Amino acid sequence: MLIRLDHIAIAVPDLEEAIQRFARDLGLELSGREDVEAAKTSTAFFPVPGTKLELVHPLRGEGPIAKYLEKKGGGLHHLCFETDDITGDVARLQGLGYRFLSDGPVPGAHGKRVIFIHPKDTGGVLIELAQSQD
Ligand code: CO
């Protein structure tokens, strides 16, 4: 079951510049940075009550975010919902005809297991499901 909006991810062509914008100009607090090898992303997190913004940038210039930036030049990339049962949610949604971008959950930021629903099945919005390991 989906239990909360975990984060909103924004793809950025220049991570340092974007961090400055959200931290210095907009006054949000940078809570951490993490390179996620499995997703080929370099990320930065800004908590806001109940959720957080996540800036995503290609790690070593590779991966899906690099392709997204080439095509769109940056912008709102995905929404992520936390779930307490990722396996059950994937099975239920597959039963309803939803497709996913991987065969099963993969390692994401913060040690979570994550999976993305195919945006063609969600009206063009890329949606990530994430479950904490604990
Ligand atoms: Co995400």
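Just above, that's the structure.
Residues numbered from 1 in each chain as written. Predicted model: local features only at pLDDT ≥ 70, side-chain atom pairs only at ≥ 80, totals over all residues. Heavy atoms only, no water.

Overview of the nonpolar core
Where a protein is soluble and globular, its nonpolar side chains tend to be buried together. Among the nonpolar cores identified, the biggest contains ten residues, and these are Ile10, Val12, Leu15, Ala18, Ile19, Phe22, Ala44, Phe46, Leu53 and Leu55. Elements that contribute at least two residues to this core include exactly helix H1 (15–25), strand S3 (41–48) and strand S4 (51–58). It is H1 that provides the largest number of residues to this core, a total of four residues. If near-sequence neighbours (up to four positions away) are discounted, Phe46 is found in contact with Ile19, Phe22, Ala23, Leu28, Glu29, Leu30, Lys52, Leu53 and Leu55. Counting eight residues, the second-largest nonpolar core is a separate cluster that includes Ile86, Leu93, Ile115 and Leu129. (Core = buried A, V, L, I, M, F, W, Y, C linked by side-chain atoms within 4.5 Å. Buried < 20%, exposed > 50% of the residue type's maximum accessible area, 1.4 Å probe, protein only. Helix = DSSP H or I, 4+ residues; strand = E, 2+ residues; numbered from the N terminus. Contact = heavy atoms within 4.5 Å.)

Brief notes about the sheet that holds strand S5 (residues 75–83)
Pairing is mixed across the open sheet formed by eight strands, whose spatial order is S2-S3-S4-S1-S5-S8-S7-S6. In this open sheet, the two strands that pair with only one neighbour each are strand S2 (32–36) and strand S6 (106–107). With five bridges connecting them, S2 and S3 associate as antiparallel partners. The residue of S3 that forms the bridge with Gly32 is Phe45. Taken strand by strand, helix H2 (residues 64–72) contacts strand S1 (2–11), S3, S4 and S5, and its axis lies near 85° from that of S4. (Pairing = 2+ DSSP bridges. Axes fitted to C-alpha atoms, helices over the stretch in contact; angles between N-to-C directions.)

Some details on the side chain of Ser42
Position of Ser42 among the secondary structure elements: in strand S3. On the basis of relative accessibility, which here comes to 11%, the residue Ser42 falls in the buried class. In terms of polar contacts, Ser42 uses its side chain to reach the side chain of Asp35, at 2.8 Å. Once residues within four sequence positions are removed from consideration, Ser42 is found in contact with Leu15, Glu34, Asp35, Leu55, Val56, His57, Pro58 and Leu59. (Polar contact = N/O pair within 3.5 Å; in protein donor to acceptor, adjacent residues only side chain to side chain.)

Quick notes on the pattern of salt bridges
Side chains that carry opposite charge are capable of pairing whenever their charged atoms lie near each other. All told, the structure shown has ten salt bridges when counted by the stated rule. The closest approach of N and O atoms between Asp25 and Arg24, which form a salt bridge, is 2.8 Å. Overall, the relative accessible area of 48% leaves Asp25 in the partly exposed class. (Salt bridge = Lys/Arg side-chain N within 4 Å of Asp/Glu carboxyl O.)

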